[in-house]
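# Summary of the model geometry
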Amino acid sequence: YINILAWSIMMILILVMSVLLFCDGGNKTVNEADLHYLNGYWEISEVVFPDGSIKAYGVNPSIDFIQFEDGKGYRKKMQPKFDGSYNASNDTESFTLTQNNQNFILQYKNEFSEWEENLVALDSLGFSVTNMDGIQYTYKRFEPIKIPK
């Protein structure tokens, strides 16, 4: 009887610890040392809307190129070509990155509008931002399609 009771208590503790670890996993903060990961080519992987609905993306005809250094950067739309080169759009969205408490904010401004995105996750393989409407955009590092010759 004691072994069953000890086993039950241990299983409950494991369950509680698992739930706590899982819940804490959603509260990642972005570290300043990781901001250099923003540099490079990115493709959107999913969008999560405020109502919880999700739009997943497969193959993307355009990707984003981000260049960031010393608190400033830009984002440019690119279209990958099969030969490994890119067609670049003429539009460039410049941004500044500021820290507000534990959050990093991408602030965009052009002649037509201003907007902000909260950087909610960032590592070498992906990042997520949430805009002012509560829509979360998740990006993954772009991997060019390799066609054997």
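Refer to the structure presented above.
Our subject in this report is the structure included herewith.

Reading the values: the criteria
Residues numbered from 1 in each chain as written. Predicted model: local features only at pLDDT ≥ 70, side-chain atom pairs only at ≥ 80, totals over all residues. Heavy atoms only, no water. Helix = DSSP H or I, 4+ residues; strand = E, 2+ residues; numbered from the N terminus. Buried < 20%, exposed > 50% of the residue type's maximum accessible area, 1.4 Å probe, protein only. Contact = heavy atoms within 4.5 Å. Phe/Tyr/Trp six-rings, centres within 6.5 Å; stacked < 30°, edge-to-face > 60°. Core = buried A, V, L, I, M, F, W, Y, C linked by side-chain atoms within 4.5 Å.

### Details of the overall build of the chain
Each helix and strand in the chain was counted, giving 1 helix and 9 strands. Tracing the chain from N to C terminus, the helices and strands come up as α-β-β-β-β-β-β-β-β-β. Here the chain holds 149 residues, and 26% of them are scored as buried. Expressed as a percentage of contacts within the chain between residues at least 6 apart in sequence, the contacts between residues at least 24 apart total 39%.

### A few points about the packing of aromatic side chains
Under the definition given, this model contains 9 aromatic pairs. Considering the side-chain rings of W42 and F127, the 4.9 Å spacing of their centres and the 90 degrees angle between planes classify their relative orientation as edge-to-face. Of this pair, W42 sits in strand β1 (residues 40-48) while F127 sits in strand β8 (residues 126-131), and the two are 85 residues apart along the sequence. Here the two residues W42 and F127 agree in accessibility, since each one is buried. Aromatic side chains Y86 and F142 sit 6.4 Å apart centroid to centroid with 65 degrees between the ring planes, which places their arrangement in the edge-to-face category. One end of the pair, Y86, is in strand β5 (residues 86-100); the other, F142, is in the segment after β9 (136-141), and 56 residues separate them in sequence. Through pairs of rings, three or more aromatic residues link up here, namely Y41, F65, Y74, Y86 and F142.

### Here's the deal with the nonpolar core
Within the largest apolar cluster, 19 residues are counted, with the highest numbers of intra-cluster contacts made by L35, L38, L97, L119, L122 and F127. At the level of elements, β1, β3 (63-69), β5, β6 (103-109), β7 (114-122) and β8 are the ones that each hand at least two residues to this core. In this structure, L122 is in contact with V30, D34, L35, Y37, L38 and F127, ignoring residues within four places of it in sequence.

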